[in-house]
Amino acid sequence: MLLPFVFLCLLPAAVPTATPPLQPGYYTKTCPNAELIVRNVMKKAMIREPRSGASVMRFQFHDCFVNGCDGSMLLDDTPTMLGEKLSLSNIDSLRSYEVVDEIKEAIEMACPRTVSCADIIVMASRDAVALSGGPDWEVKLGRKDSLTASQQDADDIMPSPRANASTLIDLFAKFDLSVKDLVALLGSHSIGNGRCFSIVFRLYNQSGTGLPDPTIEPKFRRKLDKLCPLGGDGNVTGDLDFTPHIFDNQYFKDLVNGRGFLNSDETLYTYWKTREYVRRYREDQEEFFRDFVEGMIKMGDLQSGRPGEIRRNCRVVNDGPPVDLVLERFKDRKKLSY
Ligand code: HEM
Ligand SMILES: *[C@@H]1O[C@H](CO)[C@@H](O)[C@H](O)[C@H]1NC(C)=O
Ligand SMILES: *[C@@H]1O[C@H](CO)[C@@H](O)[C@H](O)[C@H]1NC(C)=O
Ligand SMILES: *[C@@H]1O[C@H](CO)[C@@H](O)[C@H](O)[C@H]1NC(C)=O
């Protein structure tokens, strides 16, 4: 009689919880300068190259949507694992991985093996927004880094710039993110750039019609046609809004004027279910900031429940193959000294 009783009592304590609750100030005792270090490296990176703020900020979306915020998108491919870096939405598009390397290096120097790469992404995204003139907020921390990554999972989940608002609403609902969260979070396109590759279809062949997307304002379309001629270089980039280094509500003003860069952007205004939020954020930047922060915190709460670790190097798992064996195509890798 005693044995099963004891067993039942011990069970909850003995099974390690795969997803411990996240909390603000998680590193206060173990790495008190963690947040300061991240912010300082982000500051330096954004002085060196202003766009790197946007590029790093985007990481939170691409990390958290694919099996939770677990740093999986930072893993380089190995001979036995195809990770997320070469997935459809990330290849030739995600950039500034080296800024995360730089942050990790500085953090490892101060507090070895303590701060996860997943938390670095969440801190750095917040810092990029704050340093661009957007809101500043307290982030919850305590995430673990994944032991694996999957190109297939990223391909299955990440949305295309061709997507319309109705498709995006359904996608976000899968993560318990509301229509309001969707519109507010897409306000992150207030900073950064996109490639011609992501918009040529809407300039010349929207929905297979052979015609341009009629919702693009004509003067803006002539500008985009010039930037992205048919058959031109798909890697040329344009600004996602008219103030691409300032985190503000200009993005929503642009959408109302038919000057959204991506199809997925402009449909937030042309679709009735999202239009009202676009109008509100265009009028009230403070409301946009509040809802954006709420959305970022919700998105940061996404966790896979899988076991994890604190990676020493964000690009490889701790007992993975030696870094030199990792495939050579990730050319921006810095020489790391640990
Ligand atoms: C909801 C659907 C979304 C779609 C379809 C989408 C799609 C895209 C695309 C196509 C680009 C340009 C990439 C390229 O052309 O190479 C881009 C850039 C960007 N996205 Fe999104 N995105 C979405 C949501 C988000 C969210 C939720 C965030 C962050 C919270 C975000 C942050 C960014 C940032 C900051 C950039 C600029 C990056 C840079 O300049 O390097 N996006 N997005
Ligand atoms: C949105 O796109 C999906 C998939 O391409 C399509 O089936 C749907 O009809 C579109 N919805 C609207 C409202 O345009
Ligand atoms: C436009 O798109 C349709 C459908 O995707 C395709 O069949 C057609 O070949 C495209 N036209 C051009 C000029 O690319
Ligand atoms: C962009 O550049 C990469 C790397 O140089 C190249 O492999 C790719 O084909 C280019 N993409 C487009 C759409 O032109």
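For every chain, the first residue of the written sequence is number 1, and numbering continues from 1 onward in sequence order. Lettering for chains starts from A, numbering for ligands starts from 1, and both go in the order in which the items are written. The predicted nature of this model means local features are confined to residues of pLDDT at least 70 and side-chain atom pairs, given and counted, to a pLDDT of 80 or more, with totals for whole chains, interfaces and linings taken over all residues. Derived side-chain values reflect all non-hydrogen atoms in the structure, with water molecules and hydrogen atoms excluded from consideration.

What about the site of ligand 4?
Near, as used in this document, describes a residue that has one of its heavy atoms within 4 Å of the molecule or strand being considered. The environment of ligand 4 is formed by Asp-92, Phe-197, Gly-234 and Asn-235. Polar contacts, as used here, are pairs of N or O atoms within 3.5 Å; protein pairs need one atom able to donate a hydrogen and one able to accept it. Residues neighboring in sequence count only if both atoms are side-chain atoms. Here an oxygen atom of ligand 4 and a side-chain polar atom of Asn-235 are 2.2 Å apart. We get accessible surface area from the Shrake-Rupley algorithm with a probe of 1.4 Å; when it comes to residues, only the shown protein chains can shield them. A total of 360 Å² of accessible area belongs to ligand 4 in isolation, and the protein chains cover 41% of it. Three classes are used: nonpolar for Ala, Val, Leu, Ile, Met, Phe, Trp, Tyr, Cys and Pro, charged for Asp, Glu, Lys and Arg, and polar for all others, with Gly counted as polar. Grouping the amino acids of the shell around ligand 4 by side-chain chemistry returns one nonpolar, two polar and one charged.

So, the packing of aromatic side chains
When two rings of Phe, Tyr or Trp (its six-membered ring) have centres within 6.5 Å they constitute a pair, described as stacked for plane angles under 30 degrees, edge-to-face for angles over 60, and tilted for the intermediate range. This structure, assessed with the given rule, holds 19 aromatic pairs. Their ring planes at 85 degrees and their centres at 6.1 Å tell us that Trp-137 and Phe-292 sit as a pair that is edge-to-face. One end of the pair, Trp-137, is in the loop between helix H5 (117-131) and strand E2 (140-141); the other, Phe-292, is in helix H14 (residues 285-300), and 155 residues separate them in sequence. Judged on exposure class, the residue Trp-137 and its partner Phe-292 are both buried. Seen in terms of ring centroids, Phe-247 and Phe-292 are 4.8 Å apart; in terms of plane orientation they differ by 55 degrees. Their pairing is tilted. Helical segments are the DSSP runs of H or I of at least four residues, strand segments are the runs of E of at least two, and each set is numbered from the N terminus. Only protein chains enter the accessibility calculation, which uses a 1.4 Å probe; a residue whose area is less than 20% of its type maximum is buried, one above 50% is exposed, and one in between is partly exposed.

Some thoughts on the site of ligand 2
Close to ligand 2 lie Asn-164, Ser-166, Thr-167 and Tyr-271, which account for all nearby residues. Contacts to ligand 2 include Asn-164, whose side-chain N or O atom sits 2.2 Å from an oxygen atom. Contact distances for ligand 2 include 3.4 Å between an oxygen atom and a side-chain N or O atom of Thr-167. In isolation ligand 2 exposes 360 Å². Once the protein is present, 29% of that is buried. Residues belonging to the shell around ligand 2 are distributed by class as follows: one nonpolar, three polar and no charged.

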